[in-house]
Amino acid sequence: MKIVIGGQVEKKEIERLIKEFDPSIETAVKSDLEAAMAMKTGQADYYLGACHTGGGGALAMALAMLGRGQCETVSMPGRKPNEENVLEAVKAGKKAFGFTGDHVEAAVPMILNAIKNNS
């Protein structure tokens, strides 16, 4: 599995958490545009990104290139990640996930567990 990391903040922390979860997952830290293009062209399986709002800078390019049906805002200011919602998003085929930088520690393992349990 290959995950591209975009968004505006916490890119190295997201990568660290992915590697901590499963060292066999291939990761690539990219700009938003590069990460969204990698998804669109099939060079990556999933996209994770963080920003201050959870949906703006974290997912803007993914939304533009992949469409709303492939993207999920996992958390926003004042709304923590919800495991059931993340699992439903993965089951629905979503491939790009955005969240706030302060929820990285909760969101990344939650998303990875949902992917693992749904494959």
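In case you missed it, the structure is sitting above this.
Fair warning: this is a prediction, and the values are worked out from it, not measured in the lab. (Residues numbered from 1 in each chain as written. Predicted model: local features only at pLDDT ≥ 70, side-chain atom pairs only at ≥ 80, totals over all residues. Heavy atoms only, no water.)

**Some words on the overall build of the chain**
Logical step 1: Across its full length, the chain holds five helices and five strands.
Logical step 2: Radius of gyration (C-alpha) of the chain: 12 Å, near the 14 Å computed for a compact globule of 119 residues.
Logical step 3: Across its three principal directions, the C-alpha atoms of the chain cover 30 × 30 × 25 Å.
Logical step 4: In the chain, which comprises 119 residues, the share counted as buried stands at 45%.
Logical step 5: Considering only contacts within the chain whose residues lie at least 6 apart along the sequence, 70% involve residues at least 24 apart.
Logical step 6: Surface accessibility of the chain: about 5800 Å² in total, with carbon and sulfur atoms responsible for 49%.
Logical step 7: Measuring between centres, the 14 positive side-chain charges of the chain sit 4 Å from its 15 negative side-chain charges. (Helix = DSSP H or I, 4+ residues; strand = E, 2+ residues; numbered from the N terminus. Rg over C-alpha atoms; globule rule 2.2 N^0.38 Å. Buried < 20%, exposed > 50% of the residue type's maximum accessible area, 1.4 Å probe, protein only. Contact = heavy atoms within 4.5 Å. Areas by Shrake-Rupley, 256 points an atom, 1.4 Å probe, with all protein chains shown as cover. Lys, Arg positive; Asp, Glu negative; His and termini not counted. Charge placed at Lys NZ, Arg CZ, Asp CG, Glu CD.)

**Let's talk about the sheet that holds strand E5 (residues 96-100)**
Logical step 1: The parallel open sheet is built from five strands, whose spatial order is E2-E1-E3-E5-E4. Both edges of this open sheet fall to strand E2 (26-29) and strand E4 (71-73), since each of them pairs with a single strand only. Taken pair by pair, the neighbouring strands of this sheet meet at an average axis angle of 20 degrees, ignoring direction.
Logical step 2: Lying on the sheet, helix H1 (residues 11-21) is in contact with strand E1 (2-7), E2, strand E3 (46-51) and E5; it crosses E1 at an angle near 155 degrees.
Logical step 3: The sheet contacts of helix H3 (residues 56-66) involve E1, E3, E4 and E5, and relative to E3 the element is tilted by about 145 degrees. (Pairing = 2+ DSSP bridges. Axes fitted to C-alpha atoms, helices over the stretch in contact; angles between N-to-C directions.)

**Some details on the pattern of salt bridges**
Side chains bearing opposite charge may pair, as long as their charged atoms lie close to each other.
Logical step 1: Under the criterion given, the structure shown has six salt bridges.
Logical step 2: In this structure, the salt-bridge partner of Glu 105 is Arg 16, at a minimum N-O distance of 3.4 Å. Of this pair, Glu 105 sits in helix H5 (residues 104-118) while Arg 16 sits in helix H1, and the two are 89 residues apart along the sequence.
Logical step 3: For the salt bridge of Glu 72 with Lys 94, the shortest nitrogen-to-oxygen distance reads 3.3 Å. In this pair, Glu 72 sits in strand E4 while Lys 94 sits in the loop between helix H4 (83-91) and E5, placing the two residues 22 residues apart along the sequence. (Salt bridge = Lys/Arg side-chain N within 4 Å of Asp/Glu carboxyl O.)

**Here's the deal with the state of the cysteines**
Logical step 1: Under the counting rule described, the total for this entry stands at zero disulfides.
Logical step 2: With no disulfide of its own, Cys 51 has Cys 71 as its nearest cysteine by sulfur position, at a separation of 13 Å.
Logical step 3: Exposure remark for Cys 71: the relative accessible area of 2% places this residue in the buried category. (Disulfide = S-S within 2.5 Å.)

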